[in-house]
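Topology and contacts: notes
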Amino acid sequence: MNISNCINKSIFSLGLFSLLLIFQSKAQESNSYYETIVETMDLDILEVNLQQHVDFGSKEPGTEALVNSFNWIKSSYEEWGYEDISIDTFSYSGNECYNLIITKTGTHYPNKYVIIDGHYDTRNGPGANDNGTGTAIVMEIARMLKDIDTQYSVRFIHFSAEEVGLVGSNHYVNHVVVPESHNIKLVFNIDAVGGVNGMTNDIIVCERDESAPNSNNAASAAITDTLSNLMELYSSLNTEISYAYATDYVPFMEEGYVITGLYEYNETPYAHTPNDNIEHMDMEYFKEVAKGSLGASLYFTGAYESTGVEDIEEKELLSIYPNPVTHVLNVKITNTDHAQQLKIINQQGQTIMIEEIKMNTKIDFSQLPNGLYFLVMETENGEKLVRKINKIG
Ligand SMILES: [Zn+2]
């Protein structure tokens, strides 16, 4: 290992470490703002949209049903006020097909994207479960998020020609994502989440990447654990973790992107038949999946209640100086009401100091080796404020 490798590696592990901190600190606890949004989700619109998707008929490449379905999804977004709508056109067996991409710009990380997707084409039937369910859920998440600020940019994507071999998602990844080097935080795919009428449907499968390349598998496993937590927080469902396969996240994971996804636990026996209709689904299960998916999407996109003062408050709540530090680091906390603990953590993730909470704290760094450290303040609702400290001298 040469020096530049060594530096890159430590930067990488730092990034991963702070990422893990954020996920661990927030995924465990329910967020009352997100709860309110999930509770106000319109389950009737969800049902109407599912029915509309079904009513177009069998949506295979080359059919009028597929084109009509595309036009309906697109005009729904326009109606909700989305303006950044793009179409990724490709050809399958001599038929023009269209992926629909709707972008919502993030407030803090406009160039980093959370993709929330589901395919809208079907095979040999109306595809209520596969994938009217995913289509209606992605649409409803988008409708709910329209006027909510998200820290990350979001791309809602409705892929076409999934059923004939992931043709739409392959085209998008290879002709748009890779050539344009998109910075993607994660891909959240929803496919066939309708359950089976007459069975007990109370488990949703959360899917993680377990295939080559392996470089992105740990991140996919972490995000899928988070998805599982969130589904249980915001719906009445239990979860099971399984491996990802055979749907639109595959072209992304093959290119090293981080993916997760949802799939029903009881698998419909009517997939890809004319009987994949609403009667054979479990509507209550579908609605619970939708609630959990919305809660997860709020979390993944960094949605927040925009009071306009939140960011400033957060920044001022915990301040440190000087940074870089050689001898003594001053830590100032403007409001100690909800603070529980102050910790210094080294690059290996080990806690090396714990300080009690005071408005002003002086921490002696003079004996510590040079390098990066983290100051972590935990609050009683499980949130963690993190500041990076550079020890020099
Ligand atoms: Zn499908």
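Predicted model, so just to flag it, every value in this text is computed and none were measured.

Broken down by element type, the protein chain carries 10 helices and 17 strands. Against the globule reference of 21 Å for 393 residues, the protein chain gives a C-alpha radius of gyration of 23 Å, in line with a compact fold. Summarising its shape, the C-alpha atoms of the protein chain cover approximately 70 × 45 × 40 Å along the three principal directions. Expressed as a percentage of its 393 residues, the buried residues of the protein chain come to 51%.

What follows concerns the domain arrangement of the protein chain. Its domain assignment divides the protein chain into domain 1 (11–304) and domain 2 (313–391). Once you take the C-alpha centre of each, domain 1 and domain 2 turn out to be 38 Å apart.

A separate point is the coordination of the zinc ion. Taken together, His119 (NE2), Asp130 (OD), Asp191 (OD) and Asp191 (OD) make up the full set of protein donors to the zinc ion, lying 2.0 to 2.5 Å away. Bound by four donor atoms, the zinc ion shows angles of 54 to 143 degrees at the metal and therefore irregular coordination geometry. When the donor residues of the zinc ion are listed from N- to C-terminus, their spacing reads H-x10-D-x60-D. With a gap of 61 residues between them, aspartate 130 in helix 5 (residues 128–145) and aspartate 191 in the loop between strand 6 (184–190) and strand 7 (203–208) connect regions that are remote in the sequence. Accessibility classification places aspartate 130 together with aspartate 191 in one group, the buried group.

Attention now goes to the layout of surface pockets. Taken as a whole, the second largest pocket spans an internal volume of roughly 280 Å³. If you trace the second largest pocket, you find 17 residues lining it, with Asp130, Asp191, Ala192, Ala246 and Tyr263 closest to the centre. Among the elements that line the lining of the second largest pocket, the one with the most residues is strand 9 (residues 259–264), at three residues. Within the lining of the second largest pocket, the residues separate by chemical class into seven nonpolar, three polar and seven charged.

The next subject is the sheet that holds strand 5 (residues 152–159). Reading across from one edge, 1-2-5-3-6-9-7-8 is the order of the eight strands in this open sheet, with mixed pairing throughout. Here the strands that pair on one side only, and so sit at the sheet edges, are strand 1 (85–92) and strand 8 (238–243). In this sheet, neighbouring strand axes are inclined to one another by 20 degrees on average, regardless of whether the strands run parallel or antiparallel. Two strands pair when backbone bridges link them, and strand 7 and strand 9 are joined in this way by four bridges, in the antiparallel orientation. The residue of strand 9 that forms the bridge with isoleucine 204 is glutamate 264. Across the sheet, helix 4 (residues 64–79) lies against strand 1, strand 2 (95–104) and strand 5, angled at about 20 degrees from strand 2, the strand it touches most.

Evaluation of the coordinates by the stated rule reveals 18 aromatic pairs. When the centroid spacing of 6.5 Å and the interplanar angle of 55 degrees are considered together, the rings of tyrosine 34 and tyrosine 234 count as tilted. Taken as a pair, tyrosine 34 in helix 2 (residues 32–39) and tyrosine 234 in helix 7 (residues 217–234) lie far apart in primary sequence, 200 residues in all. For tyrosine 234, a relative accessible area of 6% corresponds to the buried category.

Counted by the stated rule, this structure contains seven salt bridges. Notably, a salt bridge pairs glutamate 78 with lysine 74, separated by 3.0 Å at the nearest N-O pair. Of this pair, glutamate 78 and lysine 74 both sit in helix 4, four residues apart, roughly one helical turn. In this structure lysine 74 comes out as partly exposed when scored by relative accessible area, which is 23%.

We now examine the pairing of strand 5. Among the eight residues of strand 5, eight are classified as buried, and the element is accordingly described as predominantly covered. Direction of pairing for strand 3 (residues 109–119) relative to strand 5: parallel, over a ladder of eight bridges. Looking across to strand 5, one finds that histidine 119 is bridged to phenylalanine 159.

With that out of the way, let us pick up the sheet that holds strand 15 (residues 360–364). Pairing is antiparallel across the open sheet formed by three strands, whose spatial order is 11-12-15. Each having just a single partner strand, strand 11 (318–321) and strand 15 make up the two edges of the open sheet. Across the sheet, the mean angle separating the axes of adjacent strands is 20 degrees when strand polarity is ignored. As paired elements, strand 11 and strand 12 (residues 328–333) share four bridges and run antiparallel to each other.

Next up on the list: helix 4. End to end, helix 4 covers 22 Å across 16 residues, agreeing with the expected 22 Å (1.5 Å per residue, within 8%). Among the residues making up helix 4, those that are buried are Ala65, Leu66, Ser69, Phe70, Trp72, Ile73, Ser76 and Tyr77. What you see down the axis of helix 4 is that its buried residues fit within an arc of 165 degrees, all on one side. When the buried face of helix 4 is taken as reference, the exposed residues oriented beyond 90 degrees from it are Glu64 and Glu79. Buried residues along helix 4 sit against helix 3 (43–55), strand 1, strand 2, helix 5 and strand 5. Glycine 81 sits one or two positions beyond helix 4 and adopts a positive phi of about 100 degrees.

Moving on, we get to the nonpolar core. Membership of the largest hydrophobic core comes to 60 residues, with the highest contact counts inside it found for Tyr77, Phe156, Leu262 and Phe300. Among the elements that make up this core, the one with the highest residue count is helix 9 (residues 283–300) (10 residues). Counting 19 residues, the second-largest nonpolar core is a separate cluster that includes Val331, Ala339, Leu368 and Leu385.

Here we take up unusual backbone geometry. Following aspartate 130, the chain continues into asparagine 131 via a peptide bond in cis, with omega recorded as 10 degrees. Mapped onto the secondary structure, asparagine 131 falls in helix 5. A cis amide bond links alanine 212 to the next residue, proline 213, at an omega of -5 degrees. For serine 181, which is not glycine, the phi torsion reads 45 degrees and is therefore positive. By the secondary structure assignment, serine 181 is in the loop between helix 6 (167–177) and strand 6. By relative accessible area, which is 58% here, serine 181 ends up exposed. Its identity as a non-glycine residue notwithstanding, histidine 272 has a phi of 60 degrees, on the positive side. The residue histidine 272 is located in the loop between strand 9 and helix 9 in this model. Residue histidine 272 is classed as partly exposed on the basis of its relative accessible area of 27%.

Reading the values: the criteria
- Residues numbered from 1 in each chain as written.
- Predicted model: local features only at pLDDT ≥ 70, side-chain atom pairs only at ≥ 80, totals over all residues.
- Heavy atoms only, no water.
- Helix = DSSP H or I, 4+ residues; strand = E, 2+ residues; numbered from the N terminus.
- Rg over C-alpha atoms; globule rule 2.2 N^0.38 Å.
- Buried < 20%, exposed > 50% of the residue type's maximum accessible area, 1.4 Å probe, protein only.
- Domains from an automatic or database assignment.
- Donors = N, O, S within 2.8 Å, 3.2 Å for Na, K, Ca; no water.
- Tetrahedral: all angles 85-135°; square planar, octahedral: opposite > 155°, others 65-115°.
- 1 Å grid on protein atoms, 1.4 Å probe; cavity = no way out; pocket = protein on both sides within 12 Å on 5 of 7 lines; lining within 4 Å.
- Points joined across faces, edges and corners; volume = space filled by probe spheres on them.
- Nonpolar A, V, L, I, M, F, W, Y, C, P; charged D, E, K, R; others polar.
- Pairing = 2+ DSSP bridges.
- Axes fitted to C-alpha atoms, helices over the stretch in contact; angles between N-to-C directions.
- Contact = heavy atoms within 4.5 Å.
- Phe/Tyr/Trp six-rings, centres within 6.5 Å; stacked < 30°, edge-to-face > 60°.
- Salt bridge = Lys/Arg side-chain N within 4 Å of Asp/Glu carboxyl O.
- Expected span 1.5 Å × (residues − 1).
- Arc of directions from axis to C-beta.
- Core = buried A, V, L, I, M, F, W, Y, C linked by side-chain atoms within 4.5 Å.

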